[in-house]
Amino acid sequence: MVKQFKIVVEKHADAYVAYPIGTKDVVVGEGQSNEEALADVRSAIAFHIESFGADALEPETPVSVTPSSEEKRLDAIYALLGISFESGESDIAARHDEHLR
């Protein structure tokens, strides 16, 4: 059976970087184009499997991350008040004081 991986390709200032999602081990490819990065990461995955066995890249169990109760409460309050904050500030105190600016 052929294993399938979801692969993320990121464009950086000087290169493209590709990596599979949800694997136990770190496998990375890079290149000057999207296609080169994909080819490099595919080669890296094949090498990793040849070296350590197919089980070395078994996907990990997904981890669920939920917002804190404080963040949920503030988001609910902002929604009720119809207040929108456009700065994208993630710090709760800074978001709270944003309306004073």
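Residues numbered from 1 in each chain as written. Predicted model: local features only at pLDDT ≥ 70, side-chain atom pairs only at ≥ 80, totals over all residues. Heavy atoms only, no water.

1. Let's talk about helix α1 (residues 34-52)
Since the α-helix packs 3.6 residues into each turn, any two residues three or four apart lie on the same face. In this model, α1 (19 residues) spans 27 Å end to end at C-alpha, consistent with the 27 Å of a helix rising 1.5 Å per residue. Restricting attention to buried positions, one finds in α1 the residues Ala37, Leu38, Val41, Ile45 and His48. With its buried residues spanning 100 degrees around the axis, α1 presents them on a single face. Turned more than 90 degrees away from the buried face of α1 sit Glu35, Arg42, Phe47 and Glu50, all of them exposed. Next to the buried residues of α1 lie β1 (7-11), β2 (16-20) and β3 (29-31). (Helix = DSSP H or I, 4+ residues; strand = E, 2+ residues; numbered from the N terminus. Expected span 1.5 Å × (residues − 1). Buried < 20%, exposed > 50% of the residue type's maximum accessible area, 1.4 Å probe, protein only. Arc of directions from axis to C-beta. Contact = heavy atoms within 4.5 Å.)

2. Some thoughts on the nonpolar core
If you look at the biggest cluster of nonpolar residues, it comprises six residues: Ala18, Val27, Ala37, Val41, Ile45 and Leu57. Examining the composition of this core, we find that three residues originate from one element, α1, more than from any other. Beyond its immediate chain neighbours, meaning those up to four positions away, Ala37 contacts Val9, Tyr16, Val17, Ala18, Gly29, Glu30 and Gly31. (Core = buried A, V, L, I, M, F, W, Y, C linked by side-chain atoms within 4.5 Å.)

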